[in-house]
Amino acid sequence: MSVAAAGSAPPPPPLSWAYQIRVAAAHGHFRDAVSLFLRMRASAAPRSSVPASLPAAIKSCAALGLRALGASLHGLAIRSGAFADRFTANALLNFYCKLPDSYLHSSGVISMDGTGSATALESVRKVFDEMLERDVVSWNTLVLGCAEEGRHQEALGLVRKMWSDGFRPDSFTLSSVLPIFAECADVKRGMEVHGFAIRNGFDNDVFVGSSLIDMYANCTRTDYSVKVFDKLPVRDPILWNSMLAGCAQNGSVEEALGIFHRMLQAGVRPVPVTFSSLIPICGNLASLRFGKQLHAYVIQGGFEDNVFISSSLIDMYCKCGEISIARCIFDRMPSPDIVSRTAMIMGYALHGPAREALVLFEKMELGNVKPNHITFLAVLTACSHAGLLDKGRKYFNSMSEQYGIVPTLEHCAAFADILGRAGELDEAYSFISKMQIKPTPCVWSTLLRACRVHKNTFLAEEVAKKIMELEPRSISSHVVLSNVYSASGRWNEAARLRKSMRNKGMKKDPACSWIEVKNKLHMARQGYVPNTEDVFQDIEEEQKRYVLCGHSEKLAIVFGIISTPSGTTIRVMKNLRVCIDCHTVTKHISKLAEREIVVRDANRFHHFKDGNCSCGDFW
């Protein structure tokens, strides 16, 4: 039986081989292109078919990740003389950029095992240097390769050389170098490229525009990003989402939502990445109102089943104080992943219900979902905020013993915090001192705060000394040690330390609280006795009470009460840790005003209701 009789198609005429290979590659049918090329090589096709079909065949190898075949085609190009053709050489440049595991040795031999002495970029450069004829594509490929390898100065030098050799940079060139200035936040040089783009008519190009938007956003100049965006004649979904991401990474919530509304009015449908950019900033800034608006758009757009968006919503609601809504979203997820589970555990850890956090963690273990290092950080945080020393010790040890996860600085700081909060100051000091990773000021600071709480002045001095050796201008360590001195009645030492801070030009960050209501403030005082323990000044008791009245969270809470309808939950954000007196008075206010009050301080959430707090007075 002949081959034709078996049903297989006869080979195409010799003159059509190269054409069919090029057409297949041009339409993205890379496997067909490779198959056709191999069939051509096995047939009696004329040798002239090879040079005409090599660029498409090499392009297909790059797209399919066929390192060995692409390397053999390089050898074929050299042997057949096709390498002299710039299209073939450009295809090889692209091949080595896309498949960096293929190395070209100086001898001309290709290595696929990654053991060669040359780097991937050197392979690209070798091909470039040996080209008999170059064009803008050749230069752009090498520029991009240098930029992606982090060899920024080399990339910029190539652009200058390209210009001096008579090749005019195009939009692809600019799109390759702009991320360099974005990464190093060099807005001045980025502006120079922007000026070149305007002078040469590239400022309307969508790729250049997107790169400029990202560059200005990375340089914290979203105002310029908006100007570039507004001048672009055509805005595709990529541009809209680049603009949103730029506003989001700079925390410009109002501006980001304004762009989002314009996007909807322009008829551009949001995609998952749209919400992945916007939802987190609402959580980071505790902007519940905007977060709920975005949640509504998620529902309208039918993205509720997207696990990444659901995880972002869980994280956002947790950070905005709505732990119950976060749990509802979590419970509706058919298959919660490690990200959503970790977000929910961390939410409980920051809000107080440590038992729920640990139950979720144990369910994760029973469900054969392997926790990661972030999950363990959430679990340790829960143990720290609830004073669960034994549980914390168990989970910290299980990281390496059971899961093979090496504790990071963050894990060590969390465990040191657990020990410190539990009053195990000596053990905490020993643990930090023996850490395999050199402890940072942040790790020592957890113990310093514990020394203040447990009034251990001697150890506080030792710990503060270590922090100041590592970070001489650490404001927090100076302030905490000064407060430790004041609490123990050592006013002279406290005064000397504060004088030293003034001489060094060090200023404590002013406390501030904020609330999403714009009106005037008023303070109501009734039903509580001021706790002056946190007033570290050598003044009379009556003066201490007066100082406490001005604490920002008290003003913000009362501001919320007089500015919102009865029964409305009051939500206050504070940049520092809530003091003992403010914690006490807020419990009384919640009972007297019959309001739920949610306070988010620098460490955690406090939910005050009916005279009680979710932290159990342990924070």
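Residues numbered from 1 in each chain as written. Predicted model: local features only at pLDDT ≥ 70, side-chain atom pairs only at ≥ 80, totals over all residues. Heavy atoms only, no water.

Under an unreviewed UniProt entry, the name given to the protein is DYW domain-containing protein, and the organism recorded is Setaria italica.

Draft legend 1. Layout of the pairing of strand β4 (residues 570-574). With 5 of 5 residues buried, β4 is to be regarded as a mostly interior element. Side chains I570, V572 and K574 of β4 all project onto a buried face; the interleaved residues R571 and M573 project onto the opposite face, where all are buried too. Across 2 bridges, strand β3 (residues 513-514) lies against β4 in antiparallel orientation. Within β4, the position partnered with S513 by the bridge is K574. Relative to strand β5 (residues 597-600), β4 runs parallel, the two being bridged by 4 bridges. Bridge pairing links V572 to V599 in β5. In this region the chain leaves β4, passes through helix α31 (residues 580-592) and returns to the parallel neighbour β5; the handedness of that crossover is right-handed. (Buried < 20%, exposed > 50% of the residue type's maximum accessible area, 1.4 Å probe, protein only. Helix = DSSP H or I, 4+ residues; strand = E, 2+ residues; numbered from the N terminus. Pairing = 2+ DSSP bridges. Right-handed = clockwise from strand over helix to strand, strands pointing away.)

Draft legend 2. Quick look at the UniProt feature "repeat: PPR" (unreviewed entry) in the protein. When the UniProt feature table is mapped onto this chain, "repeat: PPR" (unreviewed entry) is found at residues 135-169, 236-270, 337-371 and 474-508. Split by type, residues 474-508 is 74% helix and 0% strand. Its first and last C-alpha atoms lie 10 Å apart. (UniProt positions renumbered as here; feature names shortened; annotations may be inferred.)

Draft legend 3. Spatial organisation of the packing of helix α26 (residues 457-470) against helix α27 (residues 475-487). With their axes 10 Å apart at the nearest point, α26 and α27 run at an angle of 165° to one another. As summarised for this structure, α26 and α27 are arranged roughly antiparallel, according to the angle between their axes. The way α26 lies across α27 gives a crossing that is left-handed. Judged by residue contacts, T457, A460, E461, A464, I467 and M468 of α26 engage S477, H478, L481, V484 and Y485 from α27. Of the residues contributing to the contact of α26 with α27, the split by class is 7 nonpolar, 3 polar and 1 charged. (Axes fitted to C-alpha atoms, helices over the stretch in contact; angles between N-to-C directions. Parallel < 35°, antiparallel > 145°, perpendicular 65-115°, else oblique. Left-handed = near helix turned anticlockwise from the far one by under 90°. Contact = heavy atoms within 4.5 Å. Nonpolar A, V, L, I, M, F, W, Y, C, P; charged D, E, K, R; others polar.)

Draft legend 4. Main features of the sheet that holds strand β7 (residues 612-613). Pairing within the open sheet is mixed, and its 5 strands lie in the order β3-β4-β5-β6-β7. Both outer strands of the open sheet, β3 and β7, are each paired with one neighbouring strand and no more. The sheet contact formed by β5 and strand β6 (residues 605-609) spans 4 bridges and is antiparallel. Bridging across to β6, I597 finds its partner in F608. The strands that α31 touches are β5, β6 and β7; relative to β6, the one it contacts most, it runs at about 40°.

Draft legend 5. Seen up close, unusual backbone geometry. The phi dihedral of T220 is positive, around 60°, even though this residue is not glycine. Its place among the elements puts T220 in the loop between α11 (206-218) and α12 (222-231). The exposure class of T220 is exposed, given its relative accessible area of 56%. A positive phi angle, close to 55°, is found at K455, a residue other than glycine. With respect to the helices, strands and loops of the structure, K455 is situated in the loop between α25 (441-453) and α26. Owing to a relative accessible area of 52%, K455 belongs among the exposed residues under this scheme.

Draft legend 6. Summary view of the environment of L264. Turning to its location among the elements, L264 is positioned in helix α14 (residues 253-265). Among all residues touching L264, those that are not within four sequence positions of it are P270 and Y297.

Draft legend 7. Representation of the nonpolar core in the model. Counting residues in hydrophobic clusters, the biggest one holds 149 residues, and the most contacted among them are L54, I314, M344 and F431. By size, the runner-up hydrophobic cluster in this structure holds 17 residues, among which are I515, I570, C582 and C613. (Core = buried A, V, L, I, M, F, W, Y, C linked by side-chain atoms within 4.5 Å.)

Draft legend 8. Spatial organisation of the pairing of β6. Along β6, 4 of the 5 residues are buried, which leaves the element largely enclosed by surrounding structure. A loop of 4 residues connects β5 with β6, the two strands running antiparallel in sequence. Two strands pair when backbone bridges link them, and β6 and β7 are joined in this way by 2 bridges, in the antiparallel orientation. Across the sheet, F608 pairs through a bridge with C613, a residue of β7.

Draft legend 9. Summary view of the state of the cysteines. By the definition in use, this model includes 0 disulfides. For C613, which is in no disulfide, the shortest distance to another cysteine sulfur is to C615 and amounts to 3.5 Å. The exposure class of C613 is buried, given its relative accessible area of 11%. (Disulfide = S-S within 2.5 Å.)

Draft legend 10. Local environment of the pattern of salt bridges. Enumeration according to the criterion identifies 20 salt bridges in this entry. A salt bridge links E133 to R86, with the nearest nitrogen and oxygen atoms 3.0 Å apart. Placement of E133 in the loop between α6 (120-130) and α7 (136-148) and of R86 in helix α5 (residues 86-98) is noted, with a sequence separation of 47 residues between them. Here E133 falls in the partly exposed class, since its relative accessible area comes to 41%. In this structure, R151 engages E154 in a salt bridge whose closest nitrogen and oxygen atoms are separated by 2.9 Å. (Salt bridge = Lys/Arg side-chain N within 4 Å of Asp/Glu carboxyl O.)

Draft legend 11. Molecular detail of a positive patch on the surface. Together, R498, K499, R502 and K508 give the surface a local cluster of positive charge. Tracing the chain through its elements places R498 in helix α28 (residues 491-503). A residue is classified by how much of its surface remains accessible, and R498, at 31% relative accessible area, is partly exposed. (Patch = residues over 30% accessible without salt bridge, like charges linked within 9 Å, V, L, I, M, F, W, Y side chains within 5 Å. Areas by Shrake-Rupley, 256 points an atom, 1.4 Å probe, with all protein chains shown as cover. Lys, Arg positive; Asp, Glu negative; His and termini not counted. Charge placed at Lys NZ, Arg CZ, Asp CG, Glu CD.)

Draft legend 12. Broad picture of the packing of aromatic side chains. Enumeration over the complete set of coordinates arrives at 16 aromatic pairs. Ring centres 5.6 Å apart and planes at 55° place the aromatic pair Y429 and W444 in the tilted group. Of this pair, Y429 sits in helix α24 (residues 425-433) while W444 is found in helix α25, placing the two residues 15 residues apart along the sequence. For Y429, a relative accessible area of 23% puts it in the partly exposed group. Members of the aromatic cluster, each reached through a chain of ring pairs, are F260, F275, Y297 and F303. Lying across the ring of F128, R134 places its NZ or CZ 4.2 Å from the centre. The ring of F229 carries the charged tip of R235 above its face, separated from the ring centre by 4.9 Å. (Phe/Tyr/Trp six-rings, centres within 6.5 Å; stacked < 30°, edge-to-face > 60°. Lys NZ or Arg CZ within 6 Å of the ring centre and 35° of its normal.)

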